[in-house]
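Spelled out, the chains give:
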Amino acid sequence: MPKAYVFTRYGGPETEALVELDRPSPGPGEVLVAVRAAGVNPVDWKQRTGYRRPGESGERDFPAVLGNEVAGTVVETGEGVTGFVPGDEVFGTAVAGGYAEYALLAAHITAPRPPALSVTDAATLPVAAATAYDGVHQLALPAGATLLVTGAGGGVGVAVVQIARALGVRVVGVASEAKKDLVESLGAVHVTSGTGWTDRARAAAPDGVAGVYDLVGGDVLREAADLVADRTKLITAGAPADAAEALGGARVLRARDAAVLRAVAALVVGGALDPHVTRSYPLEQAGQALREVEDGHARGKIVIEIGATA
């Protein structure tokens, strides 16, 4: 039977397990893929603790497969799906988990994988790069303006910096000292996170910042709000919408469609965006991959390589 990495109840890492599950069947509007790679994101471990993505409702069935973004080969399509046939190489958003040999994708958030786009890079785009793309375009800062990015060394942050830089926006990236070289290699001005980071940010942007893209939340979001004069240019993907709205800002508005996937794929193929996959793990070590992201030590993106065959 196909393998999948799941959590059996809400809680910590102790709830995770590698199990065998029946191969899923696609429902209306769904595509079944043999997974070749799955991206690892903070939202994955947050869901294990009970977090629900905006728009999610109903009770979760256990065991629940972890993971939200995958790249793989189409095996079967559900009712009403057009544009995909078995054998197509695609990437997209998992309906019910992606750390598995087989996964269901929502057809409207699935795109063909261009031949020049590697499987591992493709698996990082549906959540991380697409979130970055949506937020940067939501802010709509003009070329030459300064954008402050908190959590600039993580998977989404790396994409935010590059997409903004490609639009001519100056970027100040807040990240740990260990990620300084990475942040600067992307073309951003690095500011070390931790106590006193706002003073360092003001020194790096003496004329102020035109926008803030927060990927951390909590106290960092509240402190970042004081750095931008126009609070409508404060957005977060690291905190709930009400936390941002209380400060005059907003949650990142996700398009969640294939057009964005095609756009970020084109950026990678064109050389404007490097997902910076820094490490890959086999499915049997999915827990280790998730720990690296959950502990906050990951530089860029972590990917689980799976390689199921149809």
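Our structure's up above, just so we're on the same page.
Residues numbered from 1 in each chain as written. Predicted model: local features only at pLDDT ≥ 70, side-chain atom pairs only at ≥ 80, totals over all residues. Heavy atoms only, no water.

Peer 1: Can you explain the overall build of the protein? Please cite residues and give values.
Peer 2: Across its full length, the protein carries 10 helices and 15 strands. The C-alpha radius of gyration computed for the protein amounts to 19 Å, which stays within 12% of the reference 19 Å derived for 310 residues, consistent with globular compactness. By its C-alpha atoms, the protein is 60 × 40 × 35 Å across when sized along the principal axes. Relative to its full complement of 310 residues, the protein shows a buried share of 53%. Once local pairs closer than 6 in sequence are excluded, the contacts in the protein between residues at least 24 apart make up 66%. Of the roughly 12,600 Å² that the protein leaves accessible, carbon and sulfur atoms contribute 51%. Between the centroid of the 27 positive side chains of the protein and the centroid of its 36 negative side chains there is a distance of 3 Å. (Helix = DSSP H or I, 4+ residues; strand = E, 2+ residues; numbered from the N terminus. Rg over C-alpha atoms; globule rule 2.2 N^0.38 Å. Buried < 20%, exposed > 50% of the residue type's maximum accessible area, 1.4 Å probe, protein only. Contact = heavy atoms within 4.5 Å. Areas by Shrake-Rupley, 256 points an atom, 1.4 Å probe, with all protein chains shown as cover. Lys, Arg positive; Asp, Glu negative; His and termini not counted. Charge placed at Lys NZ, Arg CZ, Asp CG, Glu CD.)

Peer 1: Report on helix α9 (residues 258–270), specifying residues and quantitative values.
Peer 2: In this model, α9 (13 residues) spans 18 Å end to end at C-alpha, consistent with the 18 Å of a helix rising 1.5 Å per residue. By the burial criterion, the buried members of α9 are A258, V260, L261, V264, A265 and V268. Buried residues of α9 fall within an arc of 155° about the axis and therefore sit on the same side. Looking at the buried residues of α9, the elements they touch are β6 (89–94), β7 (102–112), α2 (119–122) and α3 (125–139). Structurally, the start of α9 carries an N-cap: the backbone nitrogen of A259 is 3.2 Å from a side-chain oxygen of D257. Immediately beyond the C-terminal end of α9, within one or two residues, lies G271, with a positive phi of roughly 90°. (Expected span 1.5 Å × (residues − 1). Arc of directions from axis to C-beta. Polar contact = N/O pair within 3.5 Å; in protein donor to acceptor, adjacent residues only side chain to side chain.)

Peer 1: Can you break down the packing of α3 against helix α4 (residues 155–166) residue by residue, with the values?
Peer 2: Here α3 crosses α4 at 45°, and the two axes come no closer than 8 Å. By the angle class used here, α3 and α4 are oblique. Considering only the axes of α3 and α4, their crossing is right-handed. Contact residues: α3 offers A128, A129, T131, A132, Y133, V136 and H137, while α4 offers G155, V156, A159, V160, I163 and A164. (Axes fitted to C-alpha atoms, helices over the stretch in contact; angles between N-to-C directions. Parallel < 35°, antiparallel > 145°, perpendicular 65-115°, else oblique. Left-handed = near helix turned anticlockwise from the far one by under 90°.)

Peer 1: Got a sec to walk through the sheet that holds strand β1 (residues 3–7)? Specific residues and values, please.
Peer 2: The three strands lie next to each other as β2-β1-β4, forming an open sheet whose pairing is antiparallel. The sheet is open, and its two borders are formed by β2 (16–20) and β4 (64–65), each paired with just one other strand. Two strands pair when backbone bridges link them, and β1 and β4 are joined in this way by two bridges, in the antiparallel orientation. By the bridge assignment, V6 is partnered in β4 with V65. (Pairing = 2+ DSSP bridges.)

Peer 1: Tell me what's going on with the side chain of T110, and back it up with residues and numbers.
Peer 2: Looking at the secondary structure, you find T110 in strand β7. Judged by its relative accessible area of 2%, T110 falls in the buried class. Polar contacts involving the side chain of T110 include one to the main-chain carbonyl oxygen of A106, which spans 2.7 Å. If we ignore the near neighbours within four places in the chain, the residues touching T110 are F84, V90, F91, G92, L105, A258 and L261.

Peer 1: Could you give an account of the sheet that holds strand β11 (residues 211–214), with specific residues and numbers?
Peer 2: Pairing is parallel in the open sheet, where six strands are placed in the order β10-β9-β8-β11-β12-β13. Two strands lie at the open edges of the sheet, namely β10 (189–192) and β13 (250–251), each paired on one side alone. Where strand β8 (residues 146–150) lies against strand β9 (residues 170–175), five bridges are found, and the strand directions are parallel. Bridge pairing in β9 places L148 opposite V172. Those strands touched by α3 are β8, β11, β12 (234–236) and β13, and its axis lies near 160° from that of β11.

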